[in-house]
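Tertiary structure, described
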Amino acid sequence: MRVGEALVTKGNKTMDNRPIGFFDSGLGGLTCIPNLFSELPEERVIYFGDTARTPYGSKAVSTIRHYAAQIADFLASQGVKMMVIACNTITATCLEELRLRFPKTPIIGIIKPAAVKTASICDESNNIGIIATKVTIASDDYNMMIKEQDPHLNVYSKATPAFVPLIEEGIIDNEIMNLTIRYYLDDFIRDNRIDTLVLGCTHYPLIRKNIQAIYPQLRIVNPSYEIISPIRDILTEQDMLAKENDRENIFYASDLSENFVNMIQKVLETEKSDLILKFKNLDL
Ligand code: DGL
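Below you will find a few notes about this structure. (Residues numbered from 1 in each chain as written. Predicted model: local features only at pLDDT ≥ 70, side-chain atom pairs only at ≥ 80, totals over all residues. Heavy atoms only, no water.)

**Topic: the pattern of salt bridges**
Within the structure shown, the criterion is met by twelve salt bridges. Salt-bridge contacts for D73 lead to R101; the nearest nitrogen and oxygen are separated by 2.8 Å. With D73 in helix α3 (residues 61-77) and R101 in helix α4 (residues 88-101), this residue pair connects regions lying 28 residues apart in the sequence. Owing to a relative accessible area of 32%, D73 belongs among the partly exposed residues under this scheme. D186 is the salt-bridge partner of R182, the closest N and O atoms lying 3.2 Å from each other. Highlighted residues: R182 and D186, both in helix α9 (residues 175-192), separated by four residues, approximately one helical turn. For D186, a relative accessible area of 24% gives the class partly exposed. Through salt bridges with shared partners, one network takes in D187, R190 and D191. (Salt bridge = Lys/Arg side-chain N within 4 Å of Asp/Glu carboxyl O. Helix = DSSP H or I, 4+ residues; strand = E, 2+ residues; numbered from the N terminus. Buried < 20%, exposed > 50% of the residue type's maximum accessible area, 1.4 Å probe, protein only.)

**Here we look at the nonpolar core**
Soluble globular proteins tend to pack their nonpolar side chains together in the buried interior. Core analysis: the biggest nonpolar cluster contains 69 residues, and F22, L185, I211 and I231 have the highest contact counts within it. Broken down by element, the residue count for this core peaks at six residues, all from α9. In terms of nonpolar packing, the next biggest core, distinct from the first, is built from 25 residues, I46, Y56, I71 and L282 among them. (Core = buried A, V, L, I, M, F, W, Y, C linked by side-chain atoms within 4.5 Å.)

**Re the sheet that holds strand β3 (residues 20-24)**
With parallel pairing, the six strands of this open sheet are ordered in space as β6-β5-β3-β4-β11-β12. The strands lining the two open edges of the sheet, one partner per strand, are β6 (107-109) and β12 (276-281). Mean inter-strand twist for the sheet, computed between neighbouring axes without regard to direction, equals 20 degrees. Where β3 meets strand β4 (residues 45-49), five bridges bridge the pair, whose relative direction is parallel. Residue pairing for β4: F23 is matched across the bridge by F48. Sheet strands in contact with α3 are β3, β4, β5 (82-85) and β11 (248-253), and its direction is about 160 degrees off that of β3. (Pairing = 2+ DSSP bridges. Axes fitted to C-alpha atoms, helices over the stretch in contact; angles between N-to-C directions. Contact = heavy atoms within 4.5 Å.)

Here it is in structure tokens:
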């Protein structure tokens with residue numbers, strides 16, 4: 001197993017250069033990666049995007065569980081030191097099950113850190129909007145977790161399922177996307193007087209600029225950023241931080257399309273960085 005090769009002891013401090021496994025139904029989870037590299041630059045990543053079977057957000061929970069177990073099995077076979085579920089839909093449906101499947105591997109879901117952050121910046125005078133896939137909204141996880149922090153907070157939820165297929169197609173910087181945003185959000189924001197909007201799907205940071213331009217008054221919470229702090233906390237607590245990595249990162253997709261590779265390069269702004277990226281097609 002690669003675990004043994006990657007664990008090195010320096011003095012009495014252990015460093016763990018194994019990669020962190022990130023996964024999502026498609027390219028949305030990529031929005032977590034630049035935040036990871038800027039906050040924890042020594043870490044490296046194995047990413048899996050299930051681009052052949054995306055979107056997950058309107059599928060049956062049993063199907064999502066089956067797919068998520070396959071992906072997690074694959075990441076475990078690659079010797080990752082931690083798994084990050086960079087997908088709200090999978091977090092809402094599979095987090096506990098995956099933790100039972102891999103009891104020795106830390107597994108982080110994306111919803112709780114964002115819910116805690118949202119509650120910490122809001123009070124009863126605010127109106128919080130959650131936008132996400134149908135499955136994430138049906139789980140009610142954001143609402144419950146925000147109210148666990150403070151039961152007096154006002155939370156409104158809205159499923160916005162057409163965003164993911166458009167983003168996966170690269171339809172972002174244009175009028176079709178802007179019309180779709182207005183179609184879903186105009187009434188929702190006006191009728192509920194939403195002032196704080198949680199992007200409850202990891203694809204949505206890719207349309208954050210569009211949303212902010214249409215509703216400049218909104219305060220936006222980005223779960224793809226909020227997930228970095230628990231990653232750091234767990235790696236630090238468990239003495240698993242990486243040091244002196246070779247910066248090699250591998251991005252797997254179940255359908256390695258040109259759009260996926262372009263999006264990785266766009267999201268990571270690779271021209272400006274010294275990252276080594278490898279892309280692979282993988283049939284699970
Ligand atoms: N990025 C996934 C999420 O955060 C998208 C879900 C989908 O595939 O519909 O929920």
